[in-house]
Amino acid sequence: MSTIEELEAKIKQLESELQILKDIEAIKQLKGRYFRSIDCKLWDELADCFAEDATTDYSNGREHYEGRDAIMKYLKSTLDMPVLTMHQGHHPEITIASETTAVGRWSLEDYIITLKNKGMQCAAFYRDEYVKVGGQWKIKSTGYDLVYRELWDRNETKSLKTTDRMHQPSPE
Amino acid sequence: MADAKDLEARVQSLERTVAVREDIEAIKRLKHKYFRCLDCKLWDELAECFVGDATTSYTDGKYSLRGVDAIMGFLKKSLGASTVLSVHQGHQPEIDMTSATTAKGIWASEAGLIITDRNVSTREVNFYHDEYVKMDGQWKIKHTGYRRVFEEVWDRGETKSLRLMANMFAQRKE
């Protein structure tokens, strides 16, 4: 039978393994909140996903920004208009590197309906770094490499109608 | 108060519970890596996902292959060309542990191809039925295969405005 010391060591091991599983789940939820905030245009909630000194390398590194303020300025400049977006993250591969740092990969599929009724679709792979600040996981760096991106005119499909939208075009 | 014997039984039960959660997460991650390596054409990393004697029954069993070399040969032949862009997605994993070192999984899958030199797109919806095995602490694919719900194919040229704006495998213009 185990001694108290042996049991304590086993419990410590279990605590550390459970913490890793909880951290992985928290990081998956962080990324879920990030994508939801983008599509729902919840800018304060989106900003809260980033560490203050976060960096990005969106679109094969072409969209490189340093600092949460610069990142938010860029994201608002492309999304703070009644463009409709769908960003889906799939296939998380999360590695907890230490108690407060982690790295992750995700696949991305996005679909965008532009103001001029253009359709834009892409598939890409994200490479992220995360940091735990004050008990909360935040995005430390994020960026993606595209598999492809395509663009077409939705008006070409005569029967296609957008029958509901979260973000309304301004009445003009 | 619990005595040491009770505590030991509870610790052992917790160890099994935690191990199952870790195994399920590791198996999901293995499948995620498999799909990423397919779409990024990372053949060496993809081969690591399989055990040496792995088997497949892709496309309703039409492609029943035995051994990692045969499987990799088939995958490279199907997806290796720079003119084939693929997007494979796995959803809704149903993972069951069948022992400490074996497991089964069912995944919903949506996959699409863009074949640039023929200007054709395909889309298919499948259900994967997999078996996994843990070897030297690493989960590997022991068997994988899928049954199709549907596959469709269309001529991209029919949408006159359609343009490819980015392509991971485009030949660099010298």
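Read on for an overview of the structure. (Residues numbered from 1 in each chain as written. Chains lettered and ligands numbered in written order. Predicted model: local features only at pLDDT ≥ 70, side-chain atom pairs only at ≥ 80, totals over all residues.)

## Quick notes on the overall build of chain B
Here is step 1 of the chain: Within chain B, the secondary structure is distributed over 3 helices and 7 strands.
Here is step 2 of the chain: Along its sequence from the N terminus, chain B presents helices and strands in the succession α-α-β-β-α-β-β-β-β-β.
Here is step 3 of the chain: Projected onto its principal axes, the C-alpha coordinates of chain B cover approximately 75 × 35 × 35 Å.
Here is step 4 of the chain: Considering chain B as a whole, with its 174 residues, one finds that 20% of them fall into the buried category. (Helix = DSSP H or I, 4+ residues; strand = E, 2+ residues; numbered from the N terminus. Buried ≥ 20, exposed ≤ 12 C-beta atoms within 10 Å, placed from the backbone.)

## Quick look at the sheet that holds strand S5 (residues 120-135) of chain B
Residue and element names in this part refer to chain B.
Here is step 1 of the chain: Strands sit in the order S2-S1-S6-S5-S4-S3 across an open sheet of 6 strands; the sheet is mixed. The open sheet is flanked by strand S2 (63-66) and strand S3 (84-97), the only strands paired with a single partner. Between one strand axis and the next, the sheet turns by 20 degrees as a mean value, whatever way the strands run.
Here is step 2 of the chain: Relative to S2, strand S1 (residues 50-58) runs antiparallel, the two being bridged by 4 bridges. Within S2, the position partnered with Tyr58 by the bridge is Tyr63.
Here is step 3 of the chain: Strand contacts of helix H1 (residues 4-40): S3, strand S4 (102-115), S5 and strand S6 (138-155), with the helix running at about 165 degrees to S3, the strand carrying the most contacts. (Pairing = 2+ DSSP bridges. Axes fitted to C-alpha atoms, helices over the stretch in contact; angles between N-to-C directions. Contact = placed C-beta atoms within 7 Å.)

## Points about helix H3 (residues 68-79) of chain A
All names here are of chain A.
Here is step 1 of the chain: Here H3 contains 12 residues, and its C-alpha end-to-end distance of 16 Å stays within 8% of the 16 Å for a straight helix at 1.5 Å per residue.
Here is step 2 of the chain: Every buried residue belonging to H3 is among Arg68, Ile71 and Leu75, and all of these are buried. For H3, the arc enclosing every buried residue in end-on projection is 65 degrees, short of the 170-degree limit, so these residues lie on one face. For H3, the exposed residues lying more than 90 degrees away from the buried face are Lys73 and Ser77.
Here is step 3 of the chain: Contact partners of the buried residues in H3: helix H2 (43-47), strand S1 (50-58) and strand S2 (63-66). (Expected span 1.5 Å × (residues − 1). Arc of directions from axis to C-beta.)

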